[in-house]
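Remarks on the overall topology
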Amino acid sequence: MNLTQKILQAHSVGQEILPVAGESISIRIDQTLTQDSTGTMAYLQLEALEVGETRAELSVAYVDHNMLQAGFESADDHRYIQSVAEKHQIWVSKPGNGICHQVHLERFGVPGKTLIGSDSHTPTCGGLGMIAIGAGGQDVAMAMGGHPYAISMPAVVGVKLEGKLQGGVAAKDVILEVLRQLTVKGGVGRVIEYYGEGVKTLSVPERATIANMGAELGATTSVFPSDEMTKDYLERQGRAEVWRPLEAEADADYDLDLTISLTTLEPHVAKPHSPDNVVSIGELLGTEVDQVCIGSCTNSSYLDLMRVAAILKGRSIHPGISLTVSPGSKQVLSMIAANGALGDILDAGARILETGCGPCIGMGQAPPSEGVSLRTFNRNFTGRSGTKNSFVYLASPEIAAYSAIQGCISDPRELAGTVEWNIPWPEKFHNNNNLLLAPDVTKKGQEVLRGPNIKPFPLGQVIGETWGRPDTGDRLPVIIMVGDNITTDHIMPSNANLLPYRSNIPYLAGFCLNPCDADFAKNAEAAKEQFGGSIIVGGDNYGQGSSREHAALTPLYLGVKAVIVKSFARIHRANLINNGILPLVFADPQDYDGLETGQTLVVRKLREQLLGGQSELVLESENRREVKVLLQANDFERKVLAAGGKINLLKG
Ligand code: MIC
Ligand code: SF4
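Keep in mind the model is a prediction, meaning the values are calculated, not measured. (Residues numbered from 1 in each chain as written. Chains lettered and ligands numbered in written order. Predicted model: local features only at pLDDT ≥ 70, side-chain atom pairs only at ≥ 80, totals over all residues. Heavy atoms only, no water.)

What to know about the overall build of the protein chain
On a plain count of helices and strands, the protein chain comes out with 21 helices and 26 strands. Computed over C-alpha atoms, the radius of gyration of the protein chain comes to 24 Å, within 12% of the 26 Å expected from 2.2 N^0.38 for 652 residues, which places it in the range of a compact globule. Reported as C-alpha extents along the three principal axes, the dimensions of the protein chain are approximately 75 × 55 × 50 Å. The burial tally for the protein chain puts 63% of its 652 residues in the buried class. Within the protein chain, contacts between residues at least 6 apart in sequence are counted, and of these 77% link residues at least 24 apart. When the accessible area of the protein chain is evaluated, it comes to approximately 22,500 Å², of which 48% is carbon and sulfur surface. Measuring between centres, the 56 positive side-chain charges of the protein chain sit 4 Å from its 73 negative side-chain charges. (Helix = DSSP H or I, 4+ residues; strand = E, 2+ residues; numbered from the N terminus. Rg over C-alpha atoms; globule rule 2.2 N^0.38 Å. Buried < 20%, exposed > 50% of the residue type's maximum accessible area, 1.4 Å probe, protein only. Contact = heavy atoms within 4.5 Å. Areas by Shrake-Rupley, 256 points an atom, 1.4 Å probe, with all protein chains shown as cover. Lys, Arg positive; Asp, Glu negative; His and termini not counted. Charge placed at Lys NZ, Arg CZ, Asp CG, Glu CD.)

Remarks on the site of ligand 1
In the vicinity of ligand 1 lie 14 residues, with Ser37, Asp119, Ser120, Ser546 and Arg548 positioned nearest. Here an oxygen atom of ligand 1 and a side-chain polar atom of Ser37 are 2.3 Å apart. At 2.5 Å, a side-chain N or O of Ser120 approaches an oxygen atom of ligand 1. When ligand 1 sits alone it has 330 Å² of accessible area, and the protein chains cover 97% of it. (Near = heavy atom within 4 Å. Polar contact = N/O pair within 3.5 Å; in protein donor to acceptor, adjacent residues only side chain to side chain.)

Considering helix α10 (residues 330–338)
Looking at α10, one finds that the buried residues are Lys330, Gln331, Val332, Met335 and Ile336. On its buried side, α10 packs onto α4 (100–107), α9 (302–312) and α11 (341–347). Just downstream of α10 lies Gly340, where phi reads positive at about 95°.

As for the environment of Gln35
You can see Gln35 is positioned in the loop between β2 (31–34) and α2 (36–48). Residue classification places Gln35 among the buried residues on the basis of a relative accessible area of 2%. Note: C-alpha distance between Gln35 and Ser93 (58 residues apart in sequence) is 9.2 Å. For Gln35, the side chain forms a polar contact with the main-chain nitrogen of Ser37, separated by 2.6 Å. Looking at Gln35, its side chain comes within polar contact range of the side chain of Asp119, at 2.7 Å.

Quick look at helix α8 (residues 228–236)
Side chains three or four residues apart in an α-helix point the same way, a direct result of the helix having 3.6 residues per turn. Buried within α8 are the following residues: Thr230, Tyr233, Leu234 and Arg236. Buried residues of α8, seen end-on, are gathered within an arc of 165° and therefore sit on one face of the element. In this structure, the buried residues of α8 make contact with α4 and α7 (204–212). Where α8 terminates, the next one or two residues include Gly238, which has phi positive at roughly 75°. (Arc of directions from axis to C-beta.)

Focus on the UniProt feature "domain: Aconitase A/isopropylmalate dehydratase small subunit swivel" (unreviewed entry) in the protein chain
UniProt tags residues 518–588 as "domain: Aconitase A/isopropylmalate dehydratase small subunit swivel" (unreviewed entry). The distance from the first to the last C-alpha atom of residues 518–588 is 29 Å, and the span holds 41% helix and 21% strand. (UniProt positions renumbered as here; feature names shortened; annotations may be inferred.)

Side note on the sheet that holds strand β25 (residues 616–621)
Spatially, the seven strands close up into a barrel ordered β20-β21-β22-β23-β26-β25-β24, and their pairing is mixed. Sheet twist, expressed as the average angle between the axes of neighbouring strands with direction ignored, equals 40°. As paired elements, β25 and strand β26 (residues 626–630) share five bridges and run antiparallel to each other. Its bridge partner lying in β26, Glu616 is registered against Leu630. (Pairing = 2+ DSSP bridges. Axes fitted to C-alpha atoms, helices over the stretch in contact; angles between N-to-C directions.)

Looking at the side chain of Thr34
Looking at the element boundaries, Thr34 is found in strand β2. Look past the residues within four positions of Thr34 in its chain and what remains in contact with it is Gly39, Ala42, Tyr43, Val60, Ala61, Tyr62, Ser118, Val140 and Met144.

Some thoughts on the nonpolar core
As a rule of thumb, soluble globular proteins bury nonpolar side chains together. Tyr43, Phe520, Tyr542 and Val563 are the most contacted members of the largest nonpolar core, which totals 72 residues. It is helix α5 (residues 137–144) that contributes the most residues to this core, five residues altogether. Discounting chain neighbours no more than four positions away, the residues touching Tyr542 are Val482, Ile486, Ile491, Leu513, Ile536, Val563, Val565, Ser567, Phe568, Ala569 and His572. With 64 residues, the next largest nonpolar core counts Cys100, Val292, Leu312 and Ala400 among its residues. (Core = buried A, V, L, I, M, F, W, Y, C linked by side-chain atoms within 4.5 Å.)

Remarks on the environment of Asn497
Position of Asn497 relative to the elements: it lies in the loop between α13 (488–491) and α14 (505–509). With 427 residues separating them in the primary sequence, Asn497 and Ala70 have C-alpha atoms 9.1 Å apart.

Section: the site of ligand 2
Residues in contact with ligand 2, as listed here, are His65, His101, Asp119, His121, Ser296, Cys297, Cys357, Cys360, Ile361, Asn378 and Arg384. Residues that form the shell around ligand 2 fall into these classes: four nonpolar, five polar and two charged. (Nonpolar A, V, L, I, M, F, W, Y, C, P; charged D, E, K, R; others polar.)

So, the sheet that holds strand β5 (residues 114–117)
To summarise the sheet geometry, strands pair through backbone hydrogen bonds and adopt either a parallel or an antiparallel arrangement. Reading across the sheet, the six strands line up as β6-β5-β2-β3-β4-β19 and stay open at both edges, with mixed pairing between neighbours. Of all strands in the sheet, those with a lone pairing partner are β6 (131–134) and β19 (436–437), marking the two edges. The sheet contact formed by β5 and β6 spans four bridges and is parallel. Looking at β6, one finds that Thr114 is bridged to Ile131. Sitting on the sheet, α4 is in contact with β2, β3 (58–62), β4 (91–93), β5 and β19, with an inclination near 145° to β3.

What about the environment of Asp173?
In this structure, Asp173 sits in helix α6 (residues 171–182). Residue Asp173 is classed as buried on the basis of its relative accessible area of 0%. Along the sequence, Asp173 and Glu57 sit 116 residues apart, while their C-alpha atoms lie 35 Å from each other. Apart from the residues lying within four places of it in its own chain, the contact partners of Asp173 are Gly168, Leu265, Glu266, Pro267, His268, Ser396 and Ile399. At a separation of 2.8 Å, a polar atom in the side chain of Asp173 contacts the main-chain amide nitrogen of His268.

Description of the pattern of salt bridges
Considering all chains together, one arrives at 26 salt bridges under this definition. For Lys113, the salt bridge is made with Glu57, and the minimal N-O distance between the two is 2.9 Å. Residue Lys113 is located in the loop between α4 and β5, and its partner Glu57 is located in the loop between α2 and β3; the two are separated by 56 residues in the primary sequence. Connected through shared salt-bridge partners, Glu266, Asp411 and Arg413 make up one network. (Salt bridge = Lys/Arg side-chain N within 4 Å of Asp/Glu carboxyl O.)

As for the packing of α9 against α10
Here α9 crosses α10 at 35°, and the two axes come no closer than 9 Å. Judged by the sense of rotation from one axis to the other, the crossing of α9 with α10 is right-handed. The segment α9 lies against α10, with Tyr302, Leu305 and Met306 engaging Val332, Met335 and Ile336. Residue composition of the contact of α9 with α10, grouped by class: six nonpolar, no polar and no charged. (Left-handed = near helix turned anticlockwise from the far one by under 90°.)

A short note on the pairing of β3
Where burial is concerned, most of β3 is hidden: five out of the five residues are buried. Side-chain alternation along β3 places Leu58, Val60 and Tyr62 on one buried face and Ser59 and Ala61 on a second face that is also buried. As a crossover connection, the stretch from β2 through α2 into β3 is right-handed. Pairing of β3 with β4 involves three bridges; the strand directions are parallel. Bridge pairing links Ala61 to Val92 in β4. Handedness of the crossover is the feature at issue here: the chain leaves β3, passes through helix α3 (residues 72–87), returns alongside β4, and the resulting connection is right-handed. (Right-handed = clockwise from strand over helix to strand, strands pointing away.)

And the structure:
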């Protein structure tokens with residue numbers, strides 16, 4: 001068995017033999033995490049499900065995304081999260097303590113355990129040898145209720161790493177190379193497992209960078225062995241006792257094999273507007289840059305910022321550049337403050353932002369119009385930076401720091417001999433945990449504090465014999481046709497103006513699919529009024545990116561009953577089902593071309609077919625043309641859909 005199979009086997013519920021790839025497997029979840037921007041909804045759902053005290057071994061509620069507090073909304077959400085978490089005996093990581101994935105790696109991750117989190121970059125802890133999976137808030141709430149988590153048994157891609165990275169080449173370049181080869185769809189239905197001699201040369205934070213951006217491949221997760229490096233990291237974090245060795249069996253098989261030579265790897269950059277639009281740095285040398293942003297859950301570790309400091313030390317940023325640095329955690333910030341590296345960064349002209357997601361989620365630092373921004377982040381989708389016509393490039397902290405000095409994209413290998421790439425590890429990482437609140441029994445069952453911005457969330461409707469209304473012939477109109485790789489940032493944009501409303505679905509709904517069609521919400525409401533609902537049609541990999549359940553809840557609020565696409569991204573598909581929206585896939589992708597906006601479709605005997613396990617449904621258009629669609633769902637998912645969502649089903 002490979003490592004993925006070993007951990008899944010050890011956590012499998014009710015199945016002694018692992019199913020074949022693609023079939024459903026239920027796993028026991030040891031740990032859960034939430035962050036604030038998906039967390040408010042997850043906890044509202046936890047309350048609706050009447051879950052009570054968390055039954056996971058460990059649950060943590062982080063506040064790291066929505067930190068600006070430009071009005072009362074975010075502060076109210078933070079207070080809600082803290083009080084509801086305390087009530088349910090969940091750890092609280094307060095604003096300022098750091099980005100959930102970075103802190104989880106430092107303080108909580110345990111090799112061989114399972115973790116699900118309401119954030120798509122939860123796989124970061126795969127760097128510690130965990131099976132860590134991003135999920136919608138409802139699934140995380142269910143795991144806190146002690147329910148197993150169901151996934152499709154993944155195929156496993158084995159990535160063999162050989163050799164050792166050269167100075168100026170970073171872990172980020174490894175994952176950009178994997179993205180170049182596999183693309184943003186290449187990981188769907190797969191786990192990416194790393195092995196080989198090269199792994200031993202990578203520290204835990206470097207492995208975490210690689211595992212983190214496996215999310216951009218659409219992968220279920222990524223995983224590294226747990227070895228001496230892992231032990232060393234945990235010892236320095238003061239957590240030696242949780243270490244255990246873990247690796248694939250010597251003769252383990254993989255469904256797909258890749259080999260990457262770390263020794264000959266070049267620095268890479270992902271060009272606008274997709275993380276898989278990757279080229280070698282040589283193609284971009286000299287590209288002028290306006291803004292450089294260093295940070296995010298991908299690249300804000302102690303190691304990353306020490307390398308940045310080493311490059312910036314004694315130098316100054318280019319006059320045309322704005323450089324921001326957001327440390328990943330309070331631990332990282334206090335350590336670079338204490339050892340003087342922060343001073344080197346400041347002296348060079350950087351603007352220090354608070355520890356949190358910051359510009360990665362569009363919380364400030366929108367680039368200038370048509371500006372070029374070079375970021376160490378993981379996503380460069382159009383508009384995510386807050387400036388629709390900007391050009392965002394993704395690269396390593398080394399490239400970012402050196403380019404900030406030069407004013408244009410530059411190759412850090414030029415610094416050979418002037419910069420020490422080997423960063424000595426601290427004897428012990430600094431651990432002041434006063435922003436990390438352990439569960440306190442005296443708070444069990446306490447009153448939950450809600451602000452006026454927290455609005456009830458919509459619930460789906462029980463599915464009947466058809467999806468429409470008799471007076472309009474049971475038909476529903478297609479209200480939008482979108483193309484391939486539509487992200488959840490398109491479906492439910494996030495920026496400094498919208499993030500404060502993550503617990504207010506009625507307000508957010510007005511912005512649903514706005515980047516694709518500014519009239520979407522208006523048209524959906526009109527269709528809801530006239531037909532009782534509507535249909536979204538899309539291409540391949542629909543719903544890639546963030547785990548935000550809002551990308552299902554806002555269409556639900558607007559009356560969307562079905563989404564028909566060529567293929568789905570994993571988390572979004574699960575979120576649609578959990579909220580009672582039918583996820584349908586064209587049996588013949590060419591049928592996409594036969595559809596157009598405004599056309600209406602009808603399906604007969606829907607409930608019967610749904611509960612009867614029918615996998616192919618026939619939709620009929622006005623001109624009696626048939627469109628065959630697949631409903632790929634297991635028995636439980638069918639019951640969830642029929643009930644109009646998981647909460648309806650479980651609450652009877
Ligand atoms: C993101 O990177 O898009 C986020 C913000 O972390 C999301 C969660 C969210 O939308 O709140 C994610 O990746 O899941
Ligand atoms: Fe935060 Fe960005 Fe990481 Fe999402 S990708 S968790 S917004 S830092």
